[in-house]
Amino acid sequence: MDLAFAPELERFRGKVRHYFETEFPGDIIAKTAAGRSLTTREVRRSEQALGAKGWLATGWPAEYGGPGWSIEQQYIFDEELERAGVPTVTPMGVIYVGPVLYTFGSEEQKARWLPGIREGREGWAQGYSEPEAGSDLASLQFSAVREGDEYVLNGTKVWTSAAQHADWIFLLTRTDNSGRKQEGITFLISEIDRPGVRVTPIISIDGKHALNQVTFENVRVPVDYRIGEEGKGWTYSQYLLGHERTSYARIGGKRKMLAGLREIAAWAPAGGNRRLIDEPAFAAKLTGAEMAVDSLEMTVFRILSAVAAGGAPGNEASIVKILATETHQQITELMLEASARAALIASEDSAAPDWAGEDRLAAWAPPARAAYLGGRAQSIYGGTNEIQKNIIAKRVLGL
Ligand SMILES: Cc1cc2nc3c(=O)[nH]c(=O)nc-3n(C[C@H](O)[C@H](O)[C@H](O)COP(=O)(O)OP(=O)(O)OC[C@H]3O[C@@H](n4cnc5c(N)ncnc54)[C@H](O)[C@@H]3O)c2cc1C
């Protein structure tokens, strides 16, 4: 089996790599590499740089302003973006709501929202989860009551990523309680600074502010902020989740972490004259993680071939979500182990002639710790691993 990309795709890769190495803002790459959070202004600057190039909404069809790339080109682009250490694009706009808007939105809605997303000018947040509705999302109670040409919104959304950077939020709301719980859900949009909206930070285990609680008290939005039909929001929400779950693969980022891990393991002292990489148990774990990334990549290729043939990511995206999560956690656990082992032995080895330990550890350990802690949440967001397994059992395997 020959998995090499054709020469014209490798030329495309060269062009993308050159852009990231020479034109993309270097300060943003450096801050991300240090494991530090970006400000709202930096997030916008990062995404507008890609938007100005026409390289932000890479999966969108050309008629909506996408670059018209093949699946292979999109894959190579993502690989290069992650290789260069460019911050992951905030997915709520380009990957989640964008495809919902161009698939189910009116012409007026497309004209209003797609340009701001595509150009990176406007940030978005995803208002699905509620304090009493996470895995069982269809139980949501966030209420939208129609009054004339407006909906009046009341309720709380929680774990809302990046709401502090957002201009807009898309919401699953309940407009009817009488039928099955999947019915009576409506997909609405609101500005995040409308009167009556309050965004409260939630600080996670890594000490960072990525999450929020967002409360709505008698917030009025125009009826034309509704996507599609009233009561059909569940259908649109599931279409969105297929795109969300495939987006977690991030093969390039994983390969970059593995390369860093190999480098640090070749240096990190492991007692005596040995390095961490000389320890068969550690080397086996590292090779195991590399093989896990290879097999994740094969699975992603299978799903992408189905998408290229005209399909949507569908329920099989749950397989990618689980594999990507487990592989990410496998790698970041090793990163933490390597940092801890190196730090423990470091003091004994610090007299060795080639010791340059403090600087190396100081550069490596904080981002490794941030990646490890951030990775714990991946088996929860976008639907927990248990929920993905239920989907695979019922809808993929038909059990
Ligand atoms: C870092 C992070 C970012 C997030 N970002 C967003 C966001 O931007 N927007 C948004 O809307 N939401 C977001 N979420 C919320 C996320 O989607 C929910 O946390 C998730 O769906 C789980 O819901 P829950 O927290 O209510 O847990 P629960 O649903 O209460 O689950 C608790 C436990 O029970 C298990 N469980 C529940 N039901 C079943 C079942 N039927 N079978 C087997 N096991 C089950 C779960 O797997 C889990 O282990 C984010 C979460 C995190 C951690």
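Residues numbered from 1 in each chain as written. Predicted model: local features only at pLDDT ≥ 70, side-chain atom pairs only at ≥ 80, totals over all residues. Heavy atoms only, no water.

## Some details on the pattern of salt bridges
Piece 1. For the structure shown, the criterion picks out 27 salt bridges.
Piece 2. A salt bridge links arginine 45 to aspartate 27, with the nearest nitrogen and oxygen atoms 2.6 Å apart. Taken as a pair, arginine 45 in helix 3 (residues 40–53) and aspartate 27 in helix 2 (residues 26–33) lie far apart in primary sequence, 18 residues in all.
Piece 3. On the basis of relative accessibility, which here comes to 34%, the residue arginine 45 falls in the partly exposed class.
Piece 4. Note on aspartate 27: relative accessible area 42%, which makes it partly exposed. (Salt bridge = Lys/Arg side-chain N within 4 Å of Asp/Glu carboxyl O. Helix = DSSP H or I, 4+ residues; strand = E, 2+ residues; numbered from the N terminus. Buried < 20%, exposed > 50% of the residue type's maximum accessible area, 1.4 Å probe, protein only.)

## Considering the environment of glutamate 23
Piece 1. Among the structural elements, glutamate 23 can be located in the loop between helix 1 (7–22) and helix 2.
Piece 2. Accessibility expressed as a relative area gives 51% for glutamate 23, which makes it exposed.
Piece 3. As for glutamate 23 and alanine 289, which are separated by 266 residues in sequence, their C-alpha atoms are 32 Å apart.
Piece 4. With residues up to four places along the chain from it excluded, the contact list for glutamate 23 reads His18 and Lys53. (Contact = heavy atoms within 4.5 Å.)

## Here's the deal with the site of the ligand
Piece 1. By nearness alone, 17 residues border the ligand, and Ser129, Ser135, Trp159, Thr384 and Glu386 come closest of all.
Piece 2. Separating a nitrogen atom of the ligand from a backbone N or O atom of glutamine 126 is a distance of 2.8 Å.
Piece 3. Between glutamate 386 and the ligand, the recorded distance is 2.6 Å, taken from a side-chain N or O atom to an oxygen atom.
Piece 4. The fraction of the free accessible surface of the ligand (970 Å²) that becomes covered by protein chains is 64%.
Piece 5. Per-element accounting of the shell around the ligand gives the leading share, three residues, to helix 12 (residues 385–396).
Piece 6. Residue composition of the shell around the ligand, grouped by class: seven nonpolar, nine polar and one charged.
Piece 7. Inspection of the shell around the ligand shows a minimum of three residues originating in each of domain 2 (124–231) and domain 3 (248–396). (Near = heavy atom within 4 Å. Polar contact = N/O pair within 3.5 Å; in protein donor to acceptor, adjacent residues only side chain to side chain. Areas by Shrake-Rupley, 256 points an atom, 1.4 Å probe, with all protein chains shown as cover. Nonpolar A, V, L, I, M, F, W, Y, C, P; charged D, E, K, R; others polar. Domains from an automatic or database assignment.)

## Thoughts on the domain arrangement of the chain
Piece 1. Here the chain is described as being made up of domain 1 (7–89), domain 2 (124–231) and domain 3 (248–396).
Piece 2. Centre-to-centre, using C-alpha coordinates, domain 1 lies 22 Å away from domain 3.
Piece 3. At the interface, eleven residues of domain 1 touch 13 residues of domain 3.
Piece 4. Taken together, both faces of the contact between domain 1 and domain 3 bury some 920 Å²; the carbon and sulfur share is 65%. (Buried area = accessible area lost by both parts, 1.4 Å probe.)

## Concerning the packing of helix 5 (residues 91–104) against helix 6 (residues 107–118)
Piece 1. For the pair helix 5 and helix 6, the least separation of the axes is 10 Å and the interaxial angle reads 160 degrees. The orientation of helix 5 relative to helix 6 falls into the category roughly antiparallel. The two elements helix 5 and helix 6 cross, and the hand of that crossing is left-handed. Between helix 5, through Gly93, Val94, Val97, Gly98, Leu101 and Tyr102, and helix 6, the contact on the second element is made entirely by Lys110, Trp113, Leu114 and Ile117.
Piece 2. Here the residues of the contact of helix 5 with helix 6 sort into seven nonpolar, two polar and one charged. (Axes fitted to C-alpha atoms, helices over the stretch in contact; angles between N-to-C directions. Parallel < 35°, antiparallel > 145°, perpendicular 65-115°, else oblique. Left-handed = near helix turned anticlockwise from the far one by under 90°.)

## Comments concerning the environment of threonine 173
Piece 1. Note that threonine 173 resides in strand 4 (residues 168–174).
Piece 2. C-alpha separation for the pair threonine 173 and threonine 156, spaced 17 residues apart in sequence, amounts to 10 Å.

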